[in-house]
Amino acid sequence: MRRLLWLGVGLAVGALVVRKMTRTAQACTPGGIAHSLTESAGGLVESLRSFVDDVREGMAEREQQIHEAFAQGVAYDDQFAELREDPRIGDREIFPEEHQR
C-alpha cells in the first residue's frame, strides 16, 4: 500500500514538473515570445486609452466649470493668469523686440 502511495505522489510531481517545463519551453519559442509581446503591447495600449479617457474627462469637467462661470457673469479663477501677465515669462524676455524680424 505504501508503495502505491509513493508511486502516486511520484506521478503527480512528475506531471507537474513536465507541465511547468512545457510552459517554460513554449514561452521561449518565437510564438510564445510573440504572444507575450502582444499581451504587453495590449496592456500598454489599454493604459494609454485609460489615460486619454481620464484627460478628456478632466477637460470636459474644466470646460463645464468655465461655462458655468461665464453664464453667471463671474470671472473664472484662472490660476495661470498671473504667469501670463508677468513680463519675464514669454517671448518678450527671451526675444526682445529689437532682435525680432
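Whatever comes next refers back to the structure up there.
In short, a report on the structure.

Next up on the list: the overall build of the protein chain. Each helix and strand counted, the protein chain has four helices and zero strands in total. The linear arrangement of helices and strands in the protein chain, starting from the amino end, is α-α-α-α. Within the protein chain, buried positions represent 3% of all 101 residues. On the protein chain, roughly 9700 Å² of surface is accessible, and the fraction owed to carbon and sulfur atoms is 62%.

As a further point, take a nonpolar patch on the surface. Residues Leu5, Trp6, Val9, Val13, Val17 and Met21 make up a contiguous nonpolar surface patch of about 620 Å² in total accessible area. You can see Leu5 is positioned in helix H1 (residues 2-27).

Moving on, we get to H1. Taking 1.5 Å as the rise per residue, H1 with 26 residues should run 38 Å; its terminal C-alpha atoms sit 38 Å apart, in good agreement. H1 sits mainly on the outside: zero of its 26 residues count as buried.

For helix H2 (residues 30-72), built from 43 residues, the straight-helix expectation of 63 Å at 1.5 Å per residue is met to within 8% by its first-to-last C-alpha distance of 63 Å. Once H2 finishes, Gly73 follows within two positions and takes phi at roughly 75°, a positive value.

The next thing to look at is a negative patch on the surface. A cluster of acidic side chains, namely Glu46, Asp53, Asp54, Glu57 and Glu61, defines a negative patch on the protein surface. Assignment of secondary structure puts Asp54 in helix H2.

Reading guide: rules and limits
Residues numbered from 1 in each chain as written. Predicted model: local features only at pLDDT ≥ 70, side-chain atom pairs only at ≥ 80, totals over all residues. Heavy atoms only, no water. Helix = DSSP H or I, 4+ residues; strand = E, 2+ residues; numbered from the N terminus. Buried < 20%, exposed > 50% of the residue type's maximum accessible area, 1.4 Å probe, protein only. Areas by Shrake-Rupley, 256 points an atom, 1.4 Å probe, with all protein chains shown as cover. Patch = residues over 30% accessible without salt bridge, like charges linked within 9 Å, V, L, I, M, F, W, Y side chains within 5 Å. Salt bridge = Lys/Arg side-chain N within 4 Å of Asp/Glu carboxyl O. Expected span 1.5 Å × (residues − 1). Lys, Arg positive; Asp, Glu negative; His and termini not counted. Charge placed at Lys NZ, Arg CZ, Asp CG, Glu CD.

Geometric descriptors of this kind do not, in isolation, establish any biological role.
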